[in-house]
Amino acid sequence: MEKRQQLYAGKAKSVFATDDPDHVILQFRDDTSAFDGERMESLARKGRVNNRFNAFIMGKLQAAGIATHFSGLLSDTECLVKKLEMIPVECVVRNIAAGGLVRRLGVEEGQALVPPTFELFLKNDAMHDPMINESLAETFGWATPEQLAEMKALTFRVNDVLKRLFADGGLLLVDYKLEFGVFEGKILLGDEFSPDGCRLWDAATREKMDKDRFRQGLGGVIEAYEEVGRRIGADLG
Ligand code: C5P
């Protein structure tokens, strides 16, 4: 697999073309952003930790029969993924109230959400990823009703697999965001899964072990990611 030109640089990852038109390389950088890129910092080891964490989670999801874009690790900071046509909609499942839900509805942080909630957001930094719904997504052509139904079902299947995985490590999967794309007509999970895009709390103390440590200036960000990896049996190198 030959790495070719950079196609895109996101806030924490860069995407490179390869000699295979159906695959791209994701490079995880140490860059960390919050508040739609308003706050940026470089955190040592983050690229490697998230790349390896993501590879471990993708393996678990694929073993559970959930189709993802992930094709394999290439190096400490790079992996190979299928090139998808991305759907510009973020799917969020919440098991416990935190973050945006608390700010938006004034509900108590830490409240169990039964059943877990499902929300859609438009992927658009300039608009601060506004909340949308299925009607808006259909009307504006961001996703078809069939795609939305499948994305919702897949996002909840991921919840079943990962809630258990983290629970076994003494962690609560509070919430997470997923993105999907189309490859040869099929919807695949097309996102990374790392503590950057989910909330994880220690089950006993409710200590935050995810990107909220960065957002809230709590420190020990990568150390917390490494502790999560250790608890779930992921080799973060
Ligand atoms: O901010 P909010 O509470 O809506 O985020 C819900 C979940 O989705 C959190 O785990 C957050 O890290 C993740 N998220 C994300 N990228 C975004 C928005 C939310 O990873 N652009």
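Residues numbered from 1 in each chain as written. Predicted model: local features only at pLDDT ≥ 70, side-chain atom pairs only at ≥ 80, totals over all residues. Heavy atoms only, no water.

A. Representation of the overall build of the protein chain. The helix and strand inventory of the protein chain stands at six helices and 13 strands. A compact globule built from 237 residues would reach a C-alpha radius of gyration of about 18 Å, and the protein chain, at 17 Å, matches this within 12%. Principal-axis analysis of the C-alpha atoms gives the protein chain an extent of 50 × 45 × 35 Å. Residue burial in the protein chain is summarised as follows: out of 237 residues, 50% are buried. Across the protein chain, every contact between residues at least 6 apart in sequence was considered, and the portion connecting residues at least 24 apart equals 56%. In the structure as shown, the protein chain presents an accessible area of about 11000 Å², 50% of it carried by carbon and sulfur atoms. Across the protein chain, the centroid of the 31 positively charged side chains sits 3 Å from that of the 38 negatively charged ones. (Helix = DSSP H or I, 4+ residues; strand = E, 2+ residues; numbered from the N terminus. Rg over C-alpha atoms; globule rule 2.2 N^0.38 Å. Buried < 20%, exposed > 50% of the residue type's maximum accessible area, 1.4 Å probe, protein only. Contact = heavy atoms within 4.5 Å. Areas by Shrake-Rupley, 256 points an atom, 1.4 Å probe, with all protein chains shown as cover. Lys, Arg positive; Asp, Glu negative; His and termini not counted. Charge placed at Lys NZ, Arg CZ, Asp CG, Glu CD.)

B. Structural detail: the domain arrangement of the protein chain. On domain assignment, one finds that the protein chain holds domain 1 (3-82) and domain 2 (85-220). For domain 1 and domain 2, the distance between their C-alpha centres works out to 18 Å. Surface buried jointly by domain 1 and domain 2 totals about 2400 Å² across both partners, of which 65% is contributed by carbon and sulfur atoms. Per-residue buried area on domain 1 facing domain 2 is highest for Asp36, Phe53 and Ile66; these three make up 21% of the total on that side. Our enumeration of links across domain 1 and domain 2 arrives at three salt bridges. Close ionic contact of lysine 11 with aspartate 125 constitutes a salt bridge, the shortest N to O distance being 2.7 Å. The tally of links between domain 1 and domain 2 comes to 13 residue pairs in polar contact (both at pLDDT 80 or more). By residue class, the composition of the side of domain 1 that touches domain 2 is 12 nonpolar, seven polar and nine charged. (Domains from an automatic or database assignment. Buried area = accessible area lost by both parts, 1.4 Å probe. Salt bridge = Lys/Arg side-chain N within 4 Å of Asp/Glu carboxyl O. Polar contact = N/O pair within 3.5 Å; in protein donor to acceptor, adjacent residues only side chain to side chain. Nonpolar A, V, L, I, M, F, W, Y, C, P; charged D, E, K, R; others polar.)

C. Region of interest: the site of the ligand. Neighbouring the ligand are 14 residues; Arg94, Gly100, Asp175, Arg199 and Arg215 lie closest to it. Glycine 100 is positioned such that a nitrogen or oxygen atom in its backbone is 2.7 Å from an oxygen atom of the ligand. Between the ligand and arginine 199 there is a distance of 2.8 Å, counted from an oxygen atom to a side-chain nitrogen or oxygen. Here the ligand loses 81% of its free accessible area of 450 Å² to cover by the protein chains. Contributions of two or more residues to the shell around the ligand are made by strand E8 (85-96), helix H2 (99-105), strand E11 (171-183) and strand E13 (198-202). Of the residues contributing to the shell around the ligand, the split by class is three nonpolar, three polar and eight charged. (Near = heavy atom within 4 Å.)

D. Molecular detail of the state of the cysteines. Overall, the coordinates contain zero disulfides when judged by the stated rule. Distance from the sulfur of cysteine 79, which forms no disulfide, to the nearest cysteine sulfur (cysteine 198) is 16 Å. Take cysteine 79: its relative accessible area is 0%, and that puts it in the buried class. Cysteine 198 provides the cysteine sulfur closest to cysteine 91, a residue in no disulfide bond, and the two sulfurs are 15 Å apart. For cysteine 91, a relative accessible area of 0% puts it in the buried group. (Disulfide = S-S within 2.5 Å.)

E. View of the environment of aspartate 160. Within the fold, aspartate 160 resides in helix H4 (residues 145-168). With 96 residues separating them in the primary sequence, aspartate 160 and alanine 64 have C-alpha atoms 9.9 Å apart.

F. Structural view of the pattern of salt bridges. Under the definition given, this model contains 26 salt bridges. In this structure, the salt-bridge partner of arginine 199 is aspartate 212, at a minimum N-O distance of 2.7 Å. Taken together, the residues span a long stretch of sequence, with arginine 199 in strand E13 and aspartate 212 in helix H5 (residues 212-215) at a distance of 13 residues. Like aspartate 212, arginine 199 is buried. As a salt-bridge pair, arginine 215 and aspartate 212 come within 2.6 Å of each other at their nearest N and O atoms. You can see arginine 215 and its partner aspartate 212 sitting in helix H5, three residues apart, about one turn around the helix. For aspartate 212, a relative accessible area of 4% corresponds to the buried category. Among the charged side chains, a network of salt bridges with common partners joins Arg94, Arg104, Glu119, Asp175, Arg199, Asp212 and Arg215.

G. Structural detail: unusual backbone geometry. Across the junction of valine 114 and proline 115, the peptide omega takes the value -5 degrees, indicating a cis bond. Positive phi outside glycine occurs at histidine 128, with the angle close to 60 degrees. Relative to the assigned elements, histidine 128 resides in the loop between strand E9 (112-122) and strand E10 (131-132). In this model, arginine 206 sits at a positive phi of 65 degrees, which is unusual for a non-glycine residue. With respect to the helices, strands and loops of the structure, arginine 206 is situated in the loop between E13 and H5. With relative accessibility at 40%, the residue arginine 206 sits in the partly exposed group.

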